[in-house]
Amino acid sequence: MPGSLGLGVLVGFLLLIFLGWIPVIGPLIAGIAAGVVARGAKRGALAGFLAGIVGAVILGSSCPS
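About the criteria used
- Each chain has its residues counted from 1, following the order in which its sequence is written.
- Local features in this predicted model are restricted to residues of pLDDT 70 or higher, and side-chain atom pairs are both shown and tallied only at a pLDDT of 80 or more, whereas totals for entire chains, interfaces and linings draw on every residue.
- Hydrogens and water molecules were not included; the side-chain quantities draw on all heavy atoms of the structure.
- For our purposes a nonpolar core is just a set of buried Ala, Val, Leu, Ile, Met, Phe, Trp, Tyr and Cys residues, chained together by side-chain atoms within 4.5 Å.
- Exposure is judged per residue with a 1.4 Å probe applied to protein chains only, and the accessible area is read against the type maximum: over 50% gives exposed, under 20% gives buried, and values in between give partly exposed.
- The helix count covers DSSP runs of H or I at least four residues long, the strand count covers runs of E at least two residues long, and both are numbered beginning at the N terminus.
- Between two residues, a contact is recorded if the distance between any of their heavy atoms is within 4.5 Å.
- By definition, pLDDT measures how confident the predictor is in each residue, and it falls between 0 and 100.
- Angular values range over 0 to 180 degrees, each being the angle between N-to-C directions of two axes fitted as lines to C-alpha atoms, with helices fitted over their stretch in contact.
- Just so you know how the angles are binned, under 35 degrees is roughly parallel, over 145 roughly antiparallel, 65 to 115 roughly perpendicular, and the rest oblique.
- It is the rotation of the near helix from the far one that decides the hand of a crossing: anticlockwise by less than a right angle makes it left-handed, clockwise makes it right-handed.
- For this scheme, ten residues count as nonpolar: Ala, Val, Leu, Ile, Met, Phe, Trp, Tyr, Cys and Pro. Four count as charged, namely Asp, Glu, Lys and Arg, and the remainder, Gly too, count as polar.

Okay, the nonpolar core next. One recurring pattern in soluble globular proteins is that nonpolar side chains are buried together. Counting residues in hydrophobic clusters, the biggest one holds five residues: V9, A34, A38, A47 and A51. Secondary structure elements with two or more residues in this core: α2 (25-38) and α3 (41-61). Beyond its immediate chain neighbours, meaning those up to four positions away, A47 contacts L5, G8, V9, A34 and A38.

Right, dumping it as structure tokens:
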């Protein structure tokens, strides 16, 4: 039974918030966790990608220019 893509994105995003300050390893762990929750190679890659996009949009828009 496949996992939930939405839950994978949520888990990846939350981990990206908490681990994003660690260069390279933090986002990598967030993407791997999103993939594990989503289950399956394609769904996992999509969940990790979407979590990164959501994180970039939300966290990037909160920084003043």
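The rest of the description comes next.
The phi angle at V24 is positive, at roughly 65°, despite the residue not being glycine. Here V24 lies in the loop between α1 (5-19) and α2.

The share of residues in the protein with pLDDT of 70 or more is 91%, and the mean pLDDT across the chain is 85. Taken element by element, the predicted model of the protein shows its lowest mean pLDDT in α3 (86) and its highest in α1 (90).

Turning next to the packing of α1 against α3. It is the contact of α1 with α3, at a shortest axis distance of 8 Å, that shows an interaxial angle of 45°. Between α1 and α3, the angle falls in the class oblique. In the crossing of α1 with α3, the sense of the turn from one axis to the other is right-handed. Across from L5, G8, V9, G12, F13, L16 and I17 in α1, the residues of α3 making contact are R43, L46, A47, L50, A51, G52, V54, G55, I58 and L59. When grouped by side-chain class, the residues that make up the contact of α1 with α3 number twelve nonpolar, four polar and one charged.

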